[in-house]
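Listed below, chain by chain, are the residues.
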Amino acid sequence: MTRRLAVVAALALAALSAPLAPPAAADPGPEQIVNGGFDGGTAPWWHTPNTSFEVDDGRLCADIPGGTANPWDVIIGQDDVALVRDETYAYSFTASAVPAATVRALVQLPVDPYTQYVAGNPQLGASGGAHSFTFTSPVDLPNAQVAFQLGGRAEPWRFCVDDVSLTGGAPPDVYEPDTGPRVRVNMSAYLPDGPKNATLVTERTEPVDWRLKDAGGDTVASGTTRPRGLDQSSGQNVHSIDFGAHDEPGTGYTLEADGDTSRPFDIGGNLYETLRTDALKFYYTQRSGIEIRDDLRPGYGRPAGHVGVAPNRGDVEVPCQPGGCDYTLDVRGGWYDAGDHGKYVVNGGISVHQLMSAFERAKATGLFEDGELAIPESGNGVPDVLDEARWEQEFLLSMQVPDGEPYAGMAHHKIHDAQWTGLPLLPHLDPQPRELHPPSTAATLNLAATAAQAARLFAPYDAAFAARNLAAARKAWAAARANPARYASPDDGVGGGPYNDDNVTDEFYWAAAELYLTTGEKAFRDQVLASPHHTGDIWRASGFDWGYTAPLGRLQLATVPSDLPGRDAVRASVLAGADRYLAAQRAHPYGLPYAPEGNSYAWGSNNLILNNMVVMAVAHDLSGDRKYLDGVLEGMDYILGRNALNQSYVTGYGEVASRNQHSRWYARQLDPDLPGPPRGTLAGGPNSAIQDPVAQRLLRGCAPQFCYVDDIESWATNELTINWNSPLAWVSAFLAAPLPAPSGCLVTYTKHARWPSGFNAQVTIKNTGAETVDGWTLRWSFLGGRRVTEHWSAEVTQSGAAVTARNLPWNREIPPGGAVTFGFLGANAPGADPAPDLFLLDGAPCR
């Protein structure tokens, strides 16, 4: 690839395009563009060989060929443009396109890595228009390049440009985010019986009056604010507003305080069921290796990416990086990790785990159904969430090093392009070679953990797939123990992120936990009990993510039935962690369960916040204590608009929401012919490190909550990823169907006999309440593939691992202090066989 055809989008610096205005500087610097008005012909401008240009009516015009894949396939440019470090420049031009087109207007380094100092994406029309950009050069550079990237369109078109100018002495851009009204609310909805909190930004230090108004403008509640002082995360003086006493459902509510009115919101009960579905539907359009059907996702249809069809060069026979191995692997499928075309085992691991965990938590409730996500597998008798998880799990299995090769049983860390590609670029048009990166212990343990989990969850639906996963998990575990310190290189970041991790004790703990829960074997139990993470303080203030997975092991051991010694202490530790996050939330005027060290928000802070909410949600499941449920609900307020920027971070949710997340194919900001991110997509959120050039230009010196910009080029603050949507899906599923408070019942489950192929069990339901139970339904789930074959004294049915028992006419009533007993015969299945520990009587947990 020549210097004029290459671009590294991950280093891109975007600028806002606006109508041309005279420079504000009183003394602009000298003109850096030679012949920008084309009065002297075309020199020294150049073009790529696939086009030509001419001066037409005083403008430089070119006929741009169709059928090109990438913006940099056709370029017109000028070299040897001088830049001075810390000088602020005004870059401007007039341009037209017939038919209308979006182009890339760049000032960049002319050699690898082609760092872009300004990258505009103006939309051009037939009538022409003026465009201007301001940027501050971070370098002294005598030979910068001005380039118009014009490729990437199917049909030919004509481009004309004139009055190209680059002058110093411009006033620096001052970025002022539009934060709207000073009353910050969850712009989607509050639950009628849940907490309802808002934040007021004001200079006033004394309490002020607030009023809640319905859609008709009538005041339905009122009160006074609680002054909170200076919020360090936003730099704002704020007050809290609690209007939780109002529980009347309705739409179009607003909150007034201190002379300002919030954006509208609803009070209603179905928000999280919808968000759960949308957050999960996100994964289908992230799929690699399959056509995305437009009838299933209108507006998002595209050909299959990376199935060996030109111009793709993967993922059917992917070699290792040079010198890495002498074999190839078929690693088609899986999910694209983020806004690029890479696929990473460690990111895929936590993502697929959280989808399977959301299902495992709700097996007994029947929350997840077949057909609800509108995916190709819908209607096959398997809950759609498991079908979606399987798409990624199959990919993870394919990344395992084959038998007979060095490091057999380990998992390759990642697979992605050999070089970075630019935006926009649909997956099926990616021309880069694909490479397997060396196996790592972290990736191998992610495979061991997710394969062990998949083995028990898929057992009722596909015993062969379950057995394949368990075999892969055992092999991966053994390979990781034989190679406990093969770490991904922090320098392996060309064409994809490195995802390096040089402490894998947490992954060993998580993998051992999953293997023990699935098999019940002493060897894995001993590994769990010996891990320093089993009894250590693992609840970091900053939360957990792909690089820190010890909490995954602890949460699984607390919630998945097992005979683990000391399990009560494990459960108590989850409540202690949740209490820590609740304390952080109560201390924060925006209600965040997030208190990172130094108040420094991390890359993907929104997913860390959500993962802390997962801990609180599990605490609610374990204890039934309402405070944890309320904490999760209040945490979602931040995600959905109650924040310093007064915006929702979930696409399609709230009057103002993220819509330009960093992506090569959800790239409407760059190309109006492409879709934006699908509804239910989470943005990464504030990142104090602001690593990308867009954020560095616009956000330097930002208070933590303000370190975010909804721009497609801000990959450090506005990325989308599979492991950020997974906790959003998990938390939304929890809120869609939180377990109610325990009811007045006690269930005794007794296994009277067991033989190689089956078992005999008895269940007794005792009414410990004060009212007679008149008609009853009891639900529970088995751990893996066990199933009921015969039953008596109740009508018993089974779907997957979930079992439902209903009364017969003669035992429908259970008086206070009374009990009913029924029994069944069951067929055995491989793996652990603990007694179920969650029984739901008419939907409520029994002791």
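The structure this text deals with has already been given above.
Structural notes, computed from the coordinates. (Residues numbered from 1 in each chain as written. Predicted model: local features only at pLDDT ≥ 70, side-chain atom pairs only at ≥ 80, totals over all residues. Heavy atoms only, no water.)

With respect to the overall build of the chain
- When its secondary structure is counted, the chain shows 14 helices and 40 strands.
- For 847 residues, the compact-globule formula gives about 29 Å, and the C-alpha radius of gyration of the chain, at 29 Å, lands near that figure.
- When its C-alpha atoms are laid out on the principal axes, the chain stretches across 100 × 75 × 45 Å.
- Scored against the burial criterion, the 847 residues of the chain give a buried share of 59%.
- In the chain, the proportion of contacts linking residues at least 24 apart, taken out of those at least 6 apart, comes to 73%.
- Of the roughly 29,900 Å² that the chain leaves accessible, carbon and sulfur atoms contribute 51%. (Helix = DSSP H or I, 4+ residues; strand = E, 2+ residues; numbered from the N terminus. Rg over C-alpha atoms; globule rule 2.2 N^0.38 Å. Buried < 20%, exposed > 50% of the residue type's maximum accessible area, 1.4 Å probe, protein only. Contact = heavy atoms within 4.5 Å. Areas by Shrake-Rupley, 256 points an atom, 1.4 Å probe, with all protein chains shown as cover.)

With respect to the sheet that holds strand 30 (residues 745-755)
- What the four strands build is an open sheet, ordered 30-31-38-34; its pairing is antiparallel. Both outer strands of the open sheet, strand 30 and strand 34 (787-792), are each paired with one neighbouring strand and no more. Taking each pair of neighbouring strands and ignoring which way they run, the sheet shows an average axis angle of 25°.
- Pairing of strand 31 (residues 758-767) with strand 38 (residues 819-827) involves nine bridges; the strand directions are antiparallel. (Pairing = 2+ DSSP bridges. Axes fitted to C-alpha atoms, helices over the stretch in contact; angles between N-to-C directions.)

A look at the packing of helix 12 (residues 626-639) against helix 14 (residues 722-736)
- The interhelical angle for the contact between helix 12 and helix 14, taken along N-to-C directions, is 130°, at an axis separation of 11 Å. Classified by the angle between their axes, helix 12 and helix 14 sit oblique to one another. Like other packed secondary-structure pairs, helix 12 and helix 14 cross with a definite hand, here left-handed. Taking contact as the criterion, the partners of Leu629, Val632, Leu633 and Met636 in helix 12 are, on helix 14, Leu728, Val731, Phe734 and Leu735.
- When the residues that make up the contact of helix 12 with helix 14 are grouped by side-chain class, the tally is eight nonpolar, no polar and no charged. (Parallel < 35°, antiparallel > 145°, perpendicular 65-115°, else oblique. Left-handed = near helix turned anticlockwise from the far one by under 90°. Nonpolar A, V, L, I, M, F, W, Y, C, P; charged D, E, K, R; others polar.)

Here we look at the nonpolar core
- With 146 residues, the main nonpolar core has Tyr272, Phe368, Leu557, Met636, Val731 and Leu735 as its most contacted residues.
- The greatest single-element share of this core, amounting to eleven residues, is contributed by helix 4 (residues 441-457).
- If near-sequence neighbours (up to four positions away) are discounted, leucine 557 is found in contact with Tyr509, Ala513, Tyr516, Leu517, Val528, His534, Leu564, Arg567 and Val570.
- The next biggest cluster of nonpolar side chains, apart from the first, holds 36 residues, and it includes Tyr89, Tyr117, Val118 and Leu124. (Core = buried A, V, L, I, M, F, W, Y, C linked by side-chain atoms within 4.5 Å.)

A word on the state of the cysteines
- By the definition in use, this model includes four disulfides.
- There is a disulfide in this structure between cysteine 61 and cysteine 160, and the S-S distance comes to 2.1 Å. Every disulfide takes its handedness from the sign of the S-S torsion; for cysteine 61 and cysteine 160 that torsion is 115°, giving right-handed. Of this pair, cysteine 61 sits in strand 3 (residues 59-64) while cysteine 160 is found in strand 12 (residues 157-167), placing the two residues 99 residues apart along the sequence.
- If one numbers only the bonded cysteines of the chain, in the order they occur, the disulfide pattern is 1-2, 3-4, 5-6, 7-8. (Disulfide = S-S within 2.5 Å.)

Observations regarding the sheet that holds strand 18 (residues 226-231)
- Within the open sheet, the four strands sit side by side as 13-15-19-18. Their pairing is antiparallel. Sheet topology places strand 13 (183-184) and strand 18 at the edges, where each strand pairs with a single neighbour.
- Bridging between strand 13 and strand 15 (residues 197-201) involves two bridges; their strand directions are antiparallel. Pairing of valine 183 across the sheet is with leucine 200, part of strand 15.

What to know about the packing of aromatic side chains
- Per the stated rule, a full pass over the model turns up 39 aromatic pairs.
- Note on tyrosine 91 and phenylalanine 93: the rings are 5.6 Å apart at their centroids and 55° apart in plane angle, and the pair reads as tilted. A single burial state applies to tyrosine 91 and to phenylalanine 93, both of which are buried.
- Through a chain of ring-to-ring contacts, three or more aromatic side chains come together here, namely Tyr749, Phe759, Trp776, Trp780, Phe782, Phe822, Phe824 and Phe839.
- Across the ring face of tryptophan 391, the terminal group of arginine 287 is positioned such that the distance to the ring centre comes to 4.7 Å.
- One Lys or Arg, arginine 390, reaches over the ring of phenylalanine 465 and ends 3.8 Å from the middle of that ring. (Phe/Tyr/Trp six-rings, centres within 6.5 Å; stacked < 30°, edge-to-face > 60°. Lys NZ or Arg CZ within 6 Å of the ring centre and 35° of its normal.)

A closer look at the pattern of salt bridges
- By the definition in use, this model includes 45 salt bridges.
- Salt bridges sharing common partners tie together Arg182, Arg204, Glu206, Asp258 and Asp260. (Salt bridge = Lys/Arg side-chain N within 4 Å of Asp/Glu carboxyl O.)

A few points about the environment of leucine 575
- Tracing the backbone shows leucine 575 in helix 10 (residues 567-587).
- For the pair leucine 575 and methionine 616, spaced 41 residues apart in sequence, the C-alpha separation works out to 7.6 Å.
- Apart from residues no more than four positions distant in its own chain, leucine 575 is found in contact with Ala619, Leu622, Ser623 and Tyr628.

Overview of the side chain of serine 726
- Mapping serine 726 onto the fold places it in helix 14.
- A polar side-chain atom of serine 726 sits 2.7 Å from a polar atom in the side chain of glutamine 354.
- Excluding anything up to four places from it in sequence, serine 726 contacts Tyr283, Ile350, Ser351, Gln354 and Leu355. (Polar contact = N/O pair within 3.5 Å; in protein donor to acceptor, adjacent residues only side chain to side chain.)

Section: helix 1 (residues 271-285)
- Taking 1.5 Å as the rise per residue, helix 1 with 15 residues should run 21 Å; its terminal C-alpha atoms sit 22 Å apart, in good agreement.
- Here helix 1 has its buried residues at Leu271, Tyr272, Leu275, Arg276, Thr277, Asp278, Ala279, Leu280, Phe282, Tyr283, Tyr284 and Thr285.
- Against the buried residues of helix 1 lie strand 14 (189-190), helix 2 (345-361), helix 3 (384-398), helix 12 and helix 14. (Expected span 1.5 Å × (residues − 1).)

Comments concerning unusual backbone geometry
- In the segment running from alanine 43 into proline 44, the intervening peptide bond is cis, with an omega of 5°.
- Positive phi values are uncommon outside glycine, yet aspartate 80 reaches one of about 60°.
- Looking at aspartate 80, the relative accessible area reads 60%, which means it is exposed.
- Phi is positive for serine 793, which is not a glycine, with a value near 65°.

With respect to the environment of alanine 733
- Mapped onto the elements, alanine 733 comes out in helix 14.
- When the C-alpha positions of alanine 733 and serine 132 are compared, they lie 46 Å apart, and in sequence the two are 601 residues distant.
- Apart from the residues within four sequence positions on either side, alanine 733 is in contact with Arg276, Arg361, Leu367 and Phe368.

A look at helix 10
- Along its 21 residues, helix 10 runs 31 Å from first to last C-alpha, staying within 8% of the 30 Å computed at 1.5 Å per residue.
- Of all the positions in helix 10, only Arg567, Val570, Ser573, Val574, Gly577, Ala578, Tyr581, Leu582 and Gln585 are classed as buried.
- Against helix 8 (532-535), helix 9 (550-559), helix 11 (605-623) and helix 12 lie the buried residues of helix 10.

Comments concerning the packing of helix 10 against helix 12
- At their nearest, the axes of helix 10 and helix 12 sit 10 Å apart, and the two run at 50° to each other. The angle between helix 10 and helix 12 falls in the class oblique. As for the relative orientation of helix 10 and helix 12, their crossing is left-handed in sense. Side by side, helix 10 and helix 12 meet where Leu575, Ala578, Asp579, Leu582, Gln585 and Arg586 of the first sit next to Lys627, Tyr628, Gly631, Glu634 and Gly635 of the second.
- Its residues placed into classes, the contact of helix 10 with helix 12 shows four nonpolar, three polar and four charged.

A look at the side chain of serine 188
- Mapping serine 188 onto the fold places it in the loop between strand 13 and strand 14.
- Take serine 188: its relative accessible area is 10%, and that puts it in the buried class.

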